[in-house]
Amino acid sequence: MAEESTVAINETKGTLGEIEVAPEVIEVISGIAANKVEGVYAMQGKLSSGVSELFGRVDHKKGVHLTADEDGLKVDIYCYFIYGVSVPKVALEIQEKVREQLLQMTDITLAEVNVHIVGIVPEKTELQELLDLDDEEDGDE
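Position labels on residues start from 1 in each chain and follow its written sequence. Given that this is a predicted model, residues contribute local features only at a pLDDT of at least 70 and side-chain atom pairs are listed and counted only at 80 or more, while totals for whole chains, interfaces and linings are drawn from all residues. Computation of side-chain values: all heavy atoms of the structure, hydrogens and water removed.

1. Some details on the pairing of strand 4 (residues 64-69)
Step number 1: Relative to strand 5 (residues 72-82), strand 4 runs antiparallel, the two sharing 6 bridges. Counterpart to His65 in the pairing with strand 5 is Asp76.
Step number 2: Pairing between two strands is assigned when DSSP locates at least 2 bridges connecting them. Under the DSSP-based scheme used, a helix requires at least four consecutive residues in state H or I and a strand at least two consecutive residues in state E, with every element numbered from the N terminus. What sits between the antiparallel neighbours strand 4 and strand 5 is a turn of 2 residues.

In structure tokens:
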């Protein structure tokens, strides 16, 4: 997470006052934008976010880590892709969507959007196919 408690939007200084955005807001916007890209199965979460989802509470910032250094703000996104998608194409779309959404909603430009693919989720096997396999195994015995 960012070292500062808030991120100031530079263009608003000197007008009516200063506008600051909490790092959690940037993480939530990034998480929602990345999760909406076609080909993304889910974002990588922690045990606590998994337990929260069981109780119906969605953690939109899971799988998103924000860091700030002398180069600017950097977002790292950890996600699972659906099997069969073009990994470079989906990763590039995630980078573009996250940059666009943050610029549109907060007027903040990111230095980097790093996409980390932590896994590929295979296609789900139809229940009927599993039942057919059981019949074949019974016949061999």
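2. Description of the pattern of salt bridges
Step number 1: Whenever Lys or Arg places a side-chain nitrogen within 4 Å of a carboxyl oxygen from Asp or Glu, that contact is recorded as a salt bridge. Inspection of the entire model under this criterion finds 3 salt bridges.
Step number 2: The salt bridge partner of Asp71 is Lys74, with a shortest N-O separation of 3.7 Å.
Step number 3: With its nearest N and O atoms 3.8 Å apart, the salt bridge here joins Lys74 to Glu112. One end of the pair, Lys74, is in strand 5; the other, Glu112, is in strand 6 (residues 112-121), and 38 residues separate them in sequence.
Step number 4: Relative accessible area serves as the criterion here: at 14%, Lys74 is assigned to the buried category.
Step number 5: By sharing partners, the salt bridges in this structure join Asp69, Asp71, Lys74 and Glu112 into a single network. Whether a residue is buried, partly exposed or exposed follows from its accessible area with a 1.4 Å probe, protein chains only, as a fraction of its type maximum: under 20%, in between, or over 50%, in that order.

3. Description of a nonpolar patch on the surface
Step number 1: A cluster of nonpolar residues, Tyr83, Val87, Ile117 and Ile120, forms a patch on the protein surface that exposes about 350 Å² of accessible area.
Step number 2: Here Tyr83 shows up in the loop between strand 5 and helix 3 (87-106).
Step number 3: A relative accessible area of 53% places Tyr83 in the exposed class. What goes into a patch is any residue over 30% in relative accessible area without a salt bridge, connected to like charges within 9 Å or, for nonpolar side chains (Val, Leu, Ile, Met, Phe, Trp, Tyr), within 5 Å. Residue burial considers only the protein chains on display, and all accessible areas are found by Shrake-Rupley using a 1.4 Å probe.

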